[in-house]
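Residue strings, one per chain:
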Amino acid sequence: MLLIRRFEERTEEQYTRARIGGYCHLAIGEEAANVGSIDPMEPGDYVLASYRDHGTALAVGSEPHRVMAELFGKATGVAGGYGGSMHLLDVERHFLGGWGIVGGQLPIAVGVALALDYESKPNAVLCQLGEGATNIGAFHESLNLAAIWNLPIVFQVINNRYGMGTSVEMASAEPEQWKRAAAYRMHGERVDGNDLLAVREAADRLLRRARDERRPALLETTTYRFRGHSVADAGKVYRAPEEVAEAKKHDPIDRFVAQMGIDAETVARLRSEVNAEIDAAIRQAAADPAPDPAGLYDNVYGDANWREQFSRMERGGPFGEREGTRAWRA
Amino acid sequence: MAEEIVMPRLSDTMERGTIARWLVHEGDAVHEGDVLAEIETDKATMELNAYSDGVLLRILVQDGEAAELGAPIAVVGAEGEDVSGFSAASGNGDAAAADGAGETEAAPPAASEAVAAAPAPDAPAPPAGGGTLKASPVARRMASDAGFDLRGLAGKGSGPDGRIVRVDVERALAGGASAAPAAAAPPAQAPASAPAPAPARAAAAPPEADTVIEPSPMLKAVARRMSESKAQVPHFYLQCEIDMAKALALREELNAELADEGVKLTVNDLIVRACALALRDHPQFHRSWIDGKLYQHGAAHVGVAVALDEGLIVPVIRNADSLPLRELAVVARDLVARARSGSLRQQEIEGGTFSVSNLGMLGITSFQAIINPPEPGILAVGSVVERATGVGGQVVVRPLMTVNLSVDHRAASGADGARLLQTVTRYLEHPLLLLV
Amino acid sequence: MAGVTYREALRRALDEELARDDKVFLMGEEIGRFEGSYKVTAGLYAKYGPRRVRETPIAEEGFVGAGVGAAMLGLRPVVEIMTINFILVAMDMVVNHAAKVRQMFGGKVGVPLVIRTPAGAGAQLTAQHSQSLEVMFAHTPGLKVVAPSTPLDAYGLLKSAIRDDDPVLFVENLVLYNVNGALPEPGDDFTVPIGRAQVVREGRDLTIVAHSYTVRRALTVADRLSQHDIEVEVVDLRSLRPLDAETVIESVKKTSRALVAEEGWATYGVGAELAARISRECFDDLDAPVERVGGAEAPMPYSKPLELAALTLEDKIEKAARGLLADCGLLAEA
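Scope of this entry: the structure provided in the associated data block. Everything numeric in this text was worked out from a predicted model, so none of it was measured. (Residues numbered from 1 in each chain as written. Chains lettered and ligands numbered in written order. Predicted model: local features only at pLDDT ≥ 70, side-chain atom pairs only at ≥ 80, totals over all residues. Heavy atoms only, no water.)

With that settled, the discussion passes to the overall build of chain C. In terms of helices and strands, chain C carries twelve helices and 14 strands. Here chain C holds 334 residues, and the buried ones make up 64% of them. Long-range pairs, those at least 24 residues apart, make up 81% of the contacts in chain C with a sequence separation of at least 6. With the model as given, the accessible surface of chain C reaches about 11,100 Å², and the carbon-plus-sulfur share is 54%. (Helix = DSSP H or I, 4+ residues; strand = E, 2+ residues; numbered from the N terminus. Buried < 20%, exposed > 50% of the residue type's maximum accessible area, 1.4 Å probe, protein only. Contact = heavy atoms within 4.5 Å. Areas by Shrake-Rupley, 256 points an atom, 1.4 Å probe, with all protein chains shown as cover.)

As structure tokens, then:
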């Protein structure tokens, strides 16, 4: 959690230095929700997330240097510099993204669970989403499919109470997300997302249930984001300052420290280790090379024959797709 | 007010004339006294002068076509005037003319004719009604490749609004009289192989054993140019033998060195270079007689005659005197290849200051070539033959090559020609000089 | 083999690929016990069971997305969308997800997914059920789009699509389902390569380019024009992305006249793309500008005479061809 916290704080800073471009959504305040549900995952399980995915990436164990490199758009990034903040992934650690379209990861997560089921693998899928995604069609379709097909998937709704600037009460006819599972006769429950131990307990239990009984579930983890929706949003116009201040009193890191009785020195030492680690990651990422533009088309298609298939499309192609030749002048 | 120019009476017995060559293009400004065209009469070729100022708006009778005395052949007026109302009268009506070279269809000048080979967009002016010549791209390309002048079909194509399309060019090239525009006349009766001013023939069908072949535009152009050259250029001929032993040896040595670059020198490459250097050494020879004036040439642009199935074409190696042998060989090879495939560009067959014609590979030991006007000379090269000859009182066998230099006596004298030949000989007999 | 229908050819291809590779499975509405709304999957549920032939509720975004997810884990789903009109419901999953995954994730994971769907009109199915939207997907990098016009090509291309590691939109046609053609022996392992057009009729006077059902219409028009001594060359594109521009250009260089016919709307369509490429590569070879003909640019009406007026029927193609030939001096205007 400290790692995620520090990473996100430095990310914000790096964004202001223009080393990170585009959209950038921080998980500051939601660390427990991320770590708590990922910790009980087994090696064969999979996790998918929304675009607020830095915490997920670090929680599965991706190297901070490579995650920061992706934010910087470097070739050493986890997606080779081609994805950016919203499209992190770690195939070896079974983190399948990082998705930019709200709710887009849900049908895909259902497909991953379907594949596990198809191959009779005793594993489950953790699908993280924000409460804002519960109102899009894909949410309904995905939960329905998971329920009718009895898929091993846990939908974790990380409810930080605001979808961009819209409060959950305004957006959702049923703001208590855990109840929505009932529409699919799916198990739903809610825990305090800022309580790492509570999250961990619930996630562990539901993932086991998914693996063993092949039944989906919805886990609502309530939390709060201390920053705005993204680095471009201060999070102030739609939230009262008292509310933010009040939420900070429930900082998940502080909570955990108190619960586990960790002494201040240890915390300080850990913080300083984490800071050093992140510093090194940033320095390394900044020094790494950008991807070669010559590789722009290398990953659009992946079939072994794709170049051969496209070889006859070059004639008459638009400028840039067909450099340097002008047959009609020959 | 646009007015017609009609076929003038240029000799007392003249009844009709043939446009040998227009010297101006549609759209050119003309002034009183300018020579507009050369007209062949029954007696000679005469100049047609302009009698007023204006712009040549429309040519009604094309190069090679004939018209009766008094028939309209062109229109001059103010720029942009509508000339759609003008047309050539059907002056070529009856039987083959007194001058058998009269052609009755839209005779296109060949690719080597500098005047009007390219389709209209390159020519300055629009035809009737203003606007550029309407032809489809493929029609233009086919016409250009064949050296066919599209202006003869202007506005009369099968496409929308008379646009010239592919079928029009196909038919025209196949020699169909149906493509003929202004000159509405029966197809030529006289055998096409008749040279210029032949004795009058009756318009009878040829005897059964022979067939009439319509010459291609290129053949027609070659025929016309050669006739003109012979008729107008006072040729004289100088001959000598050149000992090619050292030249052949040097060539072999150089080719061995250049083998992995894919460059191969031919004997002709050496000869062309020798001529180019000699022309540079003898500026007094390197002059052209054009219309009564002498033009001194600077760089030597040497044409190389290439025989084709359907005629002859002479692509020009530009700046042959400044090209090192290796580059000259590459250029020459490329030009010859494209000459054979019919893909030479117009500018590559113009502007020569000398030519070389080599029939050695066909077993000819010696011949005399016809000059390509306005060049001052042409070198006819025979084959290299091993012959017995005397050197220092001994009989030896040497590889000897006979060359003949044809010279335009208006541009150069016998001595000039001889000096040139001497130098060419020296270069080829001391071929290391070709390399420096 | 004796002639089989296009529908049967598809079924055989699915059957053979299901047998060949356990990773292949089918998803779609009514493809199981109902045997498919157009009976393409008839018998497959009985033969392979629910694991390999998975019926879905009406949730295109959901099950196409599930196809993407399953493909990311290495399975080879063949998803059926009942008609191409409904693909719009899953547009986000096709364009924003399937097409993007490999590139977005730096090449580390791919989507070997096939989406099969019929396009086309002609049975008074009205505006929302009569579209030919394949160009929207041919426009999208990351996708491949194929559209066979014969049972043989349908068979061969579907096999290639299923074996391909990239997302392929396989465009069928309602009318084509009943067309007959010969198929090779199963043991031949016959496939048709993606990205290759085919000259299905040679000619010297005019090139007509088409795909899917329109190819058959073009062939009919070619036969009609043959009566007037005009020989039409018909190019069946078979693949829209990758597009075999070479074959089209070689044909146009030969005939110097080009007409592109499609069922979809011509504006921003296949003809627009080919016209641009032809004008670049055949600039000096054209006898007239490239002509395009497509469906009427209006939502398809219900009433039969209106529908007929809107379709790209033989008469419309013939009229366009005649106009073009007349402009080239080969025919009097029709």
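Further remarks concern the overall build of chain A. What chain A contains, in helices and strands, is twelve helices and seven strands. Classification of the 330 residues of chain A by burial places 55% in the buried group. Partitioning the intrachain contacts of chain A with sequence separation of at least 6 by distance along the chain shows that 73% fall at a separation of at least 24. Accessible surface, chain A: about 13,800 Å² in total, of which carbon and sulfur atoms supply 52%.

Residue and element names in this part refer to chain C. What the seven strands build is an open sheet, ordered β3-β2-β4-β5-β7-β6-β12; its pairing is mixed. Strand pairing shows two members of the sheet lacking a second neighbour, β3 (53-55) and β12 (239-241), which therefore form its edges. On average, each strand axis in the sheet is tilted by 20° relative to the strand beside it, whichever way the strands run. Pairing analysis gives three bridges linking strand β4 (residues 76-80) to strand β5 (residues 114-119), with the strands arranged parallel. Counterpart to V78 in the pairing with β5 is V114. Most of the contacts of helix α7 (residues 151-163) go to strand β7 (residues 168-173), to which it runs at about 160°, and overall it touches β2 (24-28), β4, β5, β6 (144-146) and β7. (Pairing = 2+ DSSP bridges. Axes fitted to C-alpha atoms, helices over the stretch in contact; angles between N-to-C directions.)

Another aspect to go through is the interface of chain C and chain B. Taken together, the 15 residues of chain C in the interface contact eleven residues of chain B. Both sides of the chain C and chain B interface together cover about 900 Å² of buried area, and 45% of this is carbon and sulfur. Summed over the three residues of chain C that lose the most area to chain B, namely C:D284, C:D287 and C:D327, the buried surface amounts to 42% of that side. Remark: the boundary between chain C and chain B carries one salt bridge. Among the ionic pairs, C:D285 bridges to B:R141, the shortest N-O distance being 2.7 Å. Connecting chain C to chain B are eight residue pairs in polar contact (both at pLDDT 80 or more). Those elements that provide at least two residues to the side of chain C that touches chain B are α9 (245-255) and α12 (314-327) of chain C. (Buried area = accessible area lost by both parts, 1.4 Å probe. Salt bridge = Lys/Arg side-chain N within 4 Å of Asp/Glu carboxyl O. Polar contact = N/O pair within 3.5 Å; in protein donor to acceptor, adjacent residues only side chain to side chain.)

Attention now moves to helix α6 (residues 325-341) of chain B. Residues and elements named next belong to chain B. Helix length check: α6, at 17 residues, gives a terminal C-alpha distance of 24 Å against a target of 24 Å (1.5 Å per residue), a fit within 8%. Burial in α6 covers these residues: L325, L328, A329, A332, L335, R338 and A339. Those residues of α6 that are buried are in contact with α4 (245-258), α5 (267-281), β13 (306-308), β14 (311-313) and β15 (316-317). (Expected span 1.5 Å × (residues − 1).)

Turning next to the sheet that holds strand β1 (residues 3-6) of chain B. Hydrogen bonding along the main chain pairs the strands of a sheet, whether they run parallel or antiparallel. Residue and element names in this part refer to chain B. Judged by pairing direction, the sheet is antiparallel, and its four strands sit side by side in the order β1-β8-β6-β3 without closing on themselves. The open sheet has two free edges, formed respectively by β1 and β3 (29-30), since each of these has just one partner strand. One ladder, built from four bridges, connects β1 with strand β8 (residues 72-77); its direction is antiparallel. Looking across to β8, one finds that E3 is bridged to V76.

Attention shifts here to the environment of B:H282. All names here are of chain B. As for its position among the elements, H282 is in the loop between α5 and β10 (287-290). With relative accessibility at 17%, the residue H282 sits in the buried group. For the pair H282 and T423, spaced 141 residues apart in sequence, the C-alpha separation works out to 8.7 Å. Not counting chain neighbours up to four residues away, the residues in contact with H282 comprise R419, L420 and T423. Within the structure, H282 has its side chain in polar contact with the backbone oxygen of R419 (distance 3.4 Å).

Before going further, it helps to examine the packing of helix α2 (residues 31-38) of chain A against helix α8 (residues 196-213) of chain A. Residues and elements named next belong to chain A. At a minimum axis separation of 7 Å, α2 and α8 run at an interaxial angle of 35°. When you trace α2 past α8, the crossing you get is right-handed. Only L196, V199, R200, A203 and L207 of α8 make contact with α2, whose side of the interface consists of A32, A33, V35, G36 and S37. Among the residues making up the contact of α2 with α8, the classes are represented as seven nonpolar, two polar and one charged. (Left-handed = near helix turned anticlockwise from the far one by under 90°. Nonpolar A, V, L, I, M, F, W, Y, C, P; charged D, E, K, R; others polar.)

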